[in-house]
Amino acid sequence: QVQLVESGGGLVQPGGSLRLSCVVSGSIFSIYHMGWYRQAPGKERELVARYTRGGYTGYADSVKGRFTISRDNPKNTVYLQMNSLKPEDTAVYYCNAHRSGTSDDYWGQGTQVTVSS
């Protein structure tokens, strides 16, 4: 069974940084496209960043230049480095693993990020 476990969330002041981690177990990590999503209270879940199995990265306009997604295949881990955090970045952040052409789509439990002074 595929499991995703996020860590690294917390409370940070505006302008601060956090690094989220997501460890994948139970399958071959390298076959998945990985993504970070977030959901703020009262809002829909949105894609923040993605890193495909082929090495393509993409970002939401709201985080371009501030967030960086990376993956370490030997460690079965995907990261989200978040710099210059803003109060509007406050949300629960979720890790996603998806395999194209299949119904394989897995989510972590989420980690809370709160940006506040």
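Residues numbered from 1 in each chain as written. Predicted model: local features only at pLDDT ≥ 70, side-chain atom pairs only at ≥ 80, totals over all residues. Heavy atoms only, no water.

**Some thoughts on the pattern of salt bridges**
Here comes step 1: Under the definition given, this model contains five salt bridges.
Here comes step 2: Two residues, aspartate 89 and arginine 66, come together in a salt bridge whose shortest N-O distance is 2.7 Å. With aspartate 89 in the loop between strand E8 (77-82) and strand E9 (91-98) and arginine 66 in the loop between strand E6 (57-59) and strand E7 (67-72), this residue pair connects regions lying 23 residues apart in the sequence.
Here comes step 3: For aspartate 89, a relative accessible area of 1% translates into the label buried.
Here comes step 4: For aspartate 104, the salt bridge is made with arginine 99, and the minimal N-O distance between the two is 2.8 Å. (Salt bridge = Lys/Arg side-chain N within 4 Å of Asp/Glu carboxyl O. Helix = DSSP H or I, 4+ residues; strand = E, 2+ residues; numbered from the N terminus. Buried < 20%, exposed > 50% of the residue type's maximum accessible area, 1.4 Å probe, protein only.)

**Some thoughts on the state of the cysteines**
Here comes step 1: What the rule picks out here adds up to one disulfide.
Here comes step 2: Between cysteine 22 and cysteine 95 runs a disulfide, and the two sulfur atoms are separated by 2.2 Å. Given an S-S torsion of about -85°, the disulfide between cysteine 22 and cysteine 95 has left-handed geometry. Taken together, the residues cysteine 22 in strand E3 (residues 18-25) and cysteine 95 in strand E9 connect sequence positions 73 residues apart. Each member of the pair, cysteine 22 together with cysteine 95, is buried. (Disulfide = S-S within 2.5 Å.)

**With respect to the pairing of strand E1 (residues 3-7)**
Here comes step 1: Alternating residues of E1 divide into Leu4 and Glu6, all buried, and Gln3, Val5 and Ser7, none buried.
Here comes step 2: Pairing analysis gives five bridges linking E1 to E3, with the strands arranged antiparallel. Bridging across to E3, glutamine 3 finds its partner in serine 25. (Pairing = 2+ DSSP bridges.)

**A few points about the sheet that holds E3**
Here comes step 1: In spatial order, the strands read E1-E3-E8-E7; together these four strands make up an open sheet with antiparallel pairing. Edge strands, defined here as strands with exactly one partner in the open sheet, are E1 and E7. Between one strand axis and the next, the sheet turns by 15° as a mean value, whatever way the strands run.
Here comes step 2: Here E3 runs beside E8; their pairing, made up of six bridges, is antiparallel. Of the residues in E8, the one forming a bridge with cysteine 22 is valine 78. (Axes fitted to C-alpha atoms, helices over the stretch in contact; angles between N-to-C directions.)

As far as function goes, none of this settles anything; it's purely spatial.
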